[in-house]
Each structure stands twice: as structure tokens, then as C-alpha cells.
Amino acid sequence: MRGVNNHISRLCAGLMLLGAVSYAGGGQVRASPVQSEQVITAAAAPDVSSSITGLGSPFKKAPYARNVWDMQLFGGKIYLGHGNSSNNAPSPNAGPVPIYYWDLAQNKFSVQDVTYTNPATGKVTTNVYVMDEQIDTFKVLNGELYIPGHDSRVPGWAYGNFYRLNGDHWDQYMNIPGGIHVYDMAYYKGKLYAALGANEGPLIYVSSNRGATWTRFGSVSQYGIMRAYNLFELGDTLYASSATAGKTQGIANDKGYMTSIKQNSSGGIQTSKLTFTSTQLFPGLSFVIKAGEVNVPGVSGQPWLKLLRTTPVNDRLLYIAGVIYNDHQSIPQGLFSAGANFQNVRKELLPDAAVVPMDILERGESVYVLGYIKQATGQYMNVVYRKNTASFAAGGEGWNEVFRFSRDTFARSFEEQNGDFYFGLGSYADVIPASTGTILKLSAGDY
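Residues numbered from 1 in each chain as written. Predicted model: local features only at pLDDT ≥ 70, side-chain atom pairs only at ≥ 80, totals over all residues. Heavy atoms only, no water.

### Things to note about the pairing of strand E6 (residues 77-80)
Residues Lys-77 and Tyr-79 point to one face of E6 and Ile-78 and Leu-80 to the other, with burial holding for every one of them. In the sheet, strand E5 (residues 71-74) pairs with E6 via 4 bridges, with the strands oriented antiparallel. Pairing of Met-71 across the sheet is with Leu-80, part of E6. Between E5 and E6, which pair antiparallel and follow one another directly, the connecting turn spans 2 residues, one of which, Gly-75, has a positive phi of 60 degrees. Across 4 bridges, the pairing between E6 and strand E7 (residues 99-103) is antiparallel. Paired with Ile-78 across the two strands is Trp-102, which belongs to E7. (Buried < 20%, exposed > 50% of the residue type's maximum accessible area, 1.4 Å probe, protein only. Helix = DSSP H or I, 4+ residues; strand = E, 2+ residues; numbered from the N terminus. Pairing = 2+ DSSP bridges.)

Following this line, the structure appears as C-alpha cells:
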């Protein structure tokens, strides 16, 4: 492959491949997935459409920026991710973004303040939003709730943000060097790690003092898409992952890259640069480029995939394959799980192969998956499946449908508390129903 092209035609850090400048813009992914056959007989589950309660929506942004990217239960509240970090329409660069939540005790939406303390002067500034274009994910790390700064508005490209819940407000820290995009964070063996999409590539930073200061740890790879999207544990090892070129007919490259980080009992750290093929990470998933379509890496033609909703379940990692779409976002393609060291990777066999998986929840003895089927009428049938975690290692079968419900769009994220389920409605950039951003509830007694 050729050396890195130093000309960047789009001001969007990290979405650059070796030898090509690339940008994932609007519009649906045009390469078509080739699905393997799957037939599973399952008992019918209740349609709870008439039992779903609409709680409304707290969001004030344009419709696409109301996508509920994530929902996180913490401290009696369900926090709601929203906004849009893409440079492209619709609703481009939709920050700054308020931190909304649903209060389970008071049954209402509320918002929390964000404070920043200037380390040089001690001056405290309070806002009612994060200084980022999108809240993409919430992370519970060592018992504390964090927001990685997905696309920094302030301070800009020099430093990236993260936010930590502190009582009834959030503290902002704008101190991760080069972290214009802080895609993920993890707590591992007493340290915080951050995964970046930076000008210098898919970087990993580490902090030994709860994020007060950060040190550059390394880079995921010098190849592929120059963004580190994920941090997750599998076994006793922390992994940082960038993107993987999807297996595509007529194109030889199907590689993806990770870095493994393993700390021993004495504090010593061993790291390894890992290369995987798309078939290793996403077995059975392949694509065909439509006739006449030009293959421009990261833009059109061959899809690039990342791991979504990475969730440890017993000794395996459960995740969704997502084609990179609209710059930082993704279109899910299937549900997979991996054993230690990414051995024994398999596709998880949902009862209906047409279901597109969107989100994952682990609840002790059960793991739940939310998905949807787009129907011929234009309506979406949203489905929740359950699998027993005790038997999770046995095989990809064993998923049972819990319930389903119909809406004019799909549920992008979900949460659960004492058997009550909550859903956040979403959309893609081409068709954006007015219901995007609506929060739904299904009570425990209704399914």
C-alpha cells in the first residue's frame, strides 16, 4: 500500500485510510450484505403495541439530532444520548447538547448542569449542556458515570473532553491531548483509558489519576481507518479496536486492527498489535458492490465495520457488527460473540434472521437484545429477545422472543428497571419520522 496521503479534504479527524482520504457521508450504505440461511422455530411472543406508553421527548434539536443513541440507567435515572456529530445534513454538528434524563421516581424529564473549573485560574463556569456535538454513549466505570466527548466544540482540536457525574451535576474535563473525538473510555486495573479519533491516528491515552492528567499509551494501527472506536474487556485483557474492511466480492482487503493491553499482578503491561479478517470477527457476513459503483474506501463500495454495543457475557464478548455510516454513526448488520483471545467467534442465531439487532442489555441471569424488522407497510416491528447467561457459552442458539411492538420507526436503544422496559426511537438520515427521539415505556405486567 502507498504511504499516507497528507492532504485532508474534509475537516474530520481520523477518517483517513492509508493512501486515500475518505469521508463517510450521508445516504444509506449501498453495498448489499449477503445473508446466510437460517431457520429457527420459536414460540410466538405477545404483541404489546397497545400496551406501550409514550412518555414524550425532551429534545429540542432538529429531528435527526433527536436520535436516542444510548440509554443508561444510573442512580434512579435513565440518561439519554442525542445530538449529531456528522458534518453532513441532516442536522449537522448539532451541539452543544444538554444532558437529559428520565427521572424514575418523579416520572418526568429533567436536565443536569455541567460545570468546568479552569485549572489555571480556578474560575468555575456552569452550562446546561456538554461542549460536544453528540452524546453517543454513557459509560459506567468503576461505579461512576462518564460521557466520552464524542466531537468537541470547545476547546476544539487541541484537546478532547470527557464528563463525569458529580452528585447532581456533571464535571467537564477538556484535557485529553488531540482528542477531537473521544469515542470510548474504559476502566482497567486501576486506570482510565480513552480511545481517540485524532489527527495523528487511532490513539489510546491512559490516566492513573481519574482523568486529571493523561499520557499517550499508543496507537491501534498505522493502517485502515484512523480512528480508535472501542475499548472493551475480554477475559483479563483490554482491547482497543479501530475498523475492519468488510468481506466484499472482488476486493482482496478485509483486514481490521486492534491492540491488546494486559496488565499483570505486579503492574507490568504487555501489549500486542493484532490483525483480524472480517470473516474472523463477523463470520458469514459478506457484501456485494452494486454494478457500476466506484469503490472509494470509506466512502462508497466496500463497507467498513466497527464493533457496537460490546457487552461481556460470562467468558464471551457479545457485539453487533455496524457498517460505518454518516461519518461517526453506523448501520447494524448482525449479532456476534467471541471467546477469549477472539477464538471461537460465532454468529448469534436470533429466531428471525430478518431482525436487525440494535442494542444489548445484560441483567445477571439474562441478556436481552433489541432489534427491528422493517415491514412492507413502512411500519417497524420492534422485537426484544432474551437468552440465559448461564448457557451462553454453549452455542449461538437459545434466544427466545420476549415481546414485540409496532411503530412508525425503530427503537435504537433500550433500558430496563424492575421488569419495566424503556425505549428510545431513532431513524436513519434518509427518512426521519417526527417520532424520532420519543421515549416509550412497557410496564412489567404488560408482557
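Picking up where we left off.
### Looking at the nonpolar core
Counting residues in hydrophobic clusters, the biggest one holds 19 residues, and the most contacted among them are Met-258, Phe-282, Leu-307, Tyr-319 and Phe-342. Residue assignment for this core shows that the elements contributing at least two residues are strand E18 (230-234), strand E23 (304-313), strand E24 (316-325) and strand E25 (329-338). Top element by residues in this core is E24. It accounts for 4 residues. Those residues in contact with Leu-307, other than ones at most four positions away along the chain, are Asn-230, Phe-232, Ser-241, Met-258, Phe-282, Leu-317, Tyr-319, Ile-320 and Phe-342. (Core = buried A, V, L, I, M, F, W, Y, C linked by side-chain atoms within 4.5 Å. Contact = heavy atoms within 4.5 Å.)

### As for the pattern of salt bridges
Following the criterion strictly, the structure yields 13 salt bridges and no others. Arg-227 is the salt-bridge partner of Asp-327, the closest N and O atoms lying 2.8 Å from each other. Linking Asp-327 in the loop between E24 and E25 with Arg-227 in the loop between strand E17 (215-219) and E18, this pair joins segments that are 100 residues apart in sequence. The pair Asp-327 / Arg-227 is uniform in exposure class, with both members buried. Note that Arg-363 and Glu-415 form a salt bridge whose closest N and O atoms lie 2.5 Å from each other. With Arg-363 in strand E27 (residues 356-363) and Glu-415 in strand E31 (residues 411-417), the pair connects residues that are 52 residues apart, well separated along the chain. Taking the relative accessible area as the measure of exposure, Arg-363 reaches 29% and is therefore partly exposed. Through salt bridges that share partners, Asp-70, Arg-309 and Asp-359 make up one connected network. (Salt bridge = Lys/Arg side-chain N within 4 Å of Asp/Glu carboxyl O.)

### Comments concerning the layout of surface pockets
Space inside the largest pocket adds up to approximately 1200 Å³. Lining the largest pocket are 44 residues, and of these Thr-137, Phe-138, Lys-139, Arg-309 and Thr-310 lie nearest its centre. Breaking the lining of the largest pocket down by element, the ones donating at least two residues are E5, strand E10 (139-141), strand E14 (181-188), E18, E23, E25, E27 and E31. For the lining of the largest pocket, the residue count by class is 22 nonpolar, 10 polar and 12 charged. (1 Å grid on protein atoms, 1.4 Å probe; cavity = no way out; pocket = protein on both sides within 12 Å on 5 of 7 lines; lining within 4 Å. Points joined across faces, edges and corners; volume = space filled by probe spheres on them. Nonpolar A, V, L, I, M, F, W, Y, C, P; charged D, E, K, R; others polar.)

### Some remarks on unusual backbone geometry
Across residues other than glycine, the phi torsion is negative in most instances, and most of the peptide bonds are trans. Put simply, Gly-95 and Pro-96 share a cis peptide bond, and its omega is -5 degrees. As for its position among the elements, Pro-96 is in the loop between E6 and E7. Cis geometry marks the peptide bond from Val-154 to Pro-155, where omega comes out at 15 degrees. As for its position among the elements, Pro-155 is in the loop between strand E11 (144-148) and strand E12 (159-166). Of note, the phi angle at Asn-107 is positive, near 50 degrees, even though the residue is not glycine. Looking at the secondary structure, you find Asn-107 in the loop between E7 and strand E8 (108-117). Here the phi dihedral of Asp-327 falls at roughly 75 degrees; this positive angle occurs in a residue that is not glycine.

### Looking at the environment of Ile-78
Along the chain, Ile-78 turns up in strand E6. Taking the relative accessible area as the measure of exposure, Ile-78 reaches 1% and is therefore buried. Sequence spacing of Ile-78 and Phe-414 is 336 residues, and the spatial spacing of their C-alpha atoms is 9.7 Å. Filtering out sequence-adjacent residues up to four positions away, Ile-78 remains in contact with Met-71, Gln-72, Leu-73, Tyr-100, Tyr-101, Trp-102, Leu-104, Glu-415 and Tyr-422.

### Remarks on the sheet that holds E17
Spatial strand order, E14-E15-E16-E17: 4 strands in an open sheet with antiparallel pairing. At either margin of the open sheet sits one strand with a lone partner, and together these are E14 and E17. Going from strand to strand, the sheet's axes swing by 25 degrees on average, the running direction of each strand aside. With 4 bridges connecting them, strand E15 (residues 191-197) and strand E16 (residues 203-207) associate as antiparallel partners. Bridged to Leu-192 within E16 is Ser-207. (Axes fitted to C-alpha atoms, helices over the stretch in contact; angles between N-to-C directions.)

### A word on the side chain of Asn-382
Tracing the sequence through the fold places Asn-382 in strand E29 (residues 380-388). A polar contact of 2.8 Å, which involves the side chain of Asn-382, links it to the backbone nitrogen of Ala-411. Aside from chain neighbours lying at most four places away, what touches Asn-382 is Gly-371, Tyr-372, Phe-403, Arg-404, Phe-405, Arg-407, Thr-409, Phe-410 and Ala-411. (Polar contact = N/O pair within 3.5 Å; in protein donor to acceptor, adjacent residues only side chain to side chain.)

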